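Descriptive structure summary
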Amino acid sequence: MLLELSESQLVLVDYQERLLPAMLDGPKTWANAALLGQLANRLAVPVWGTAQNPSGLGELAPEIGAHCRQVLVKMQFSAMEEGLGEWLKPEPEAPKGNARSLPRHLQKNQNASPSRSMIVIAGCEAHVCLLQTALDLIEDEFDVWVVTDACTSRNERNRDAAFDRLAGAGAELVTTEMVGFEWLRSAEHPEFKFWQSLIK
């Protein structure tokens, strides 16, 4: 199964200033997250960020936070425990006008707008906040795509153990370039040259 642009949302987990120096391949991981954010914005894919205990770990890095519609400040390791699911799956709007006077079978479906159930997720630490958020997303029946080259931990063993566990739970493991090319699907896409310029 390929990623569908119209069904995707991007979640960027805890790319915080004070975490960067301690993370394995931190600068490259942060750079890949920023690439995903840039392309998502160009393609109108909603981008959400999270920040774990900013008073202790610092704010979300500006090069990543700039692409986010909102940033969820949290203390729980799983962002789903702090309300991320409400952002990803908003409540349907109440009926407008006199639609309620119509028989139920003639009323417009208030959920008619397409649901974006494919969650592309990346972040750190892979074995803590990223893992717990992704597992809760799967539990909540989202399709989860973990961007492996935009995820990190303090060491390789913890990062790779997180990937193994996520794959076993049903998450798709992808790379930054895989996400970009699946969203675009064609060299004729209007944003293809923009994407090409980012990854060169």
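Above this text is the structure in question.
Residues numbered from 1 in each chain as written. Predicted model: local features only at pLDDT ≥ 70, side-chain atom pairs only at ≥ 80, totals over all residues. Heavy atoms only, no water.

Quick notes on unusual backbone geometry
The step from C124 to E125 runs through a cis peptide bond, and the omega angle for that step is -15 degrees. Of note, D14 is a non-glycine position whose phi angle comes to about 60 degrees, a positive value. Along the chain, the position of D14 falls in the loop between β1 (8-13) and α1 (26-42). Backbone geometry places R185, a non-glycine residue, at a positive phi of 70 degrees. Inspection of the secondary structure puts R185 in the loop between α7 (176-184) and α8 (192-199). (Helix = DSSP H or I, 4+ residues; strand = E, 2+ residues; numbered from the N terminus.)

A look at the packing of aromatic side chains
Taken as a whole, this structure holds 4 aromatic pairs when the rule is applied. On the basis of an interplanar angle of 90 degrees and a centroid distance of 5.2 Å, the ring pair of Y15 and W30 is categorised as edge-to-face. Separated by 15 residues along the polypeptide, Y15 in the loop between β1 and α1 and W30 in helix α1 bring together distant segments of the chain. Using a relative accessible area of 3% as the deciding quantity, one classes W30 as buried. With a centroid separation of 6.2 Å and an interplanar angle of 80 degrees, the aromatic rings of F181 and W195 are classed as edge-to-face. Separated by 14 residues along the polypeptide, F181 in helix α7 and W195 in helix α8 bring together distant segments of the chain. Overall, W195 belongs to the buried group, its relative accessible area being 0%. Among the aromatic residues, those joined into a cluster by ring pairs are F181, F192 and W195. One residue, R42, lies across the ring of F194, its end atom 3.8 Å from the ring centre. In this arrangement the basic side chain of K89 is found over the ring face of F142, its NZ or CZ atom lying 4.9 Å from the centre. (Phe/Tyr/Trp six-rings, centres within 6.5 Å; stacked < 30°, edge-to-face > 60°. Buried < 20%, exposed > 50% of the residue type's maximum accessible area, 1.4 Å probe, protein only. Lys NZ or Arg CZ within 6 Å of the ring centre and 35° of its normal.)

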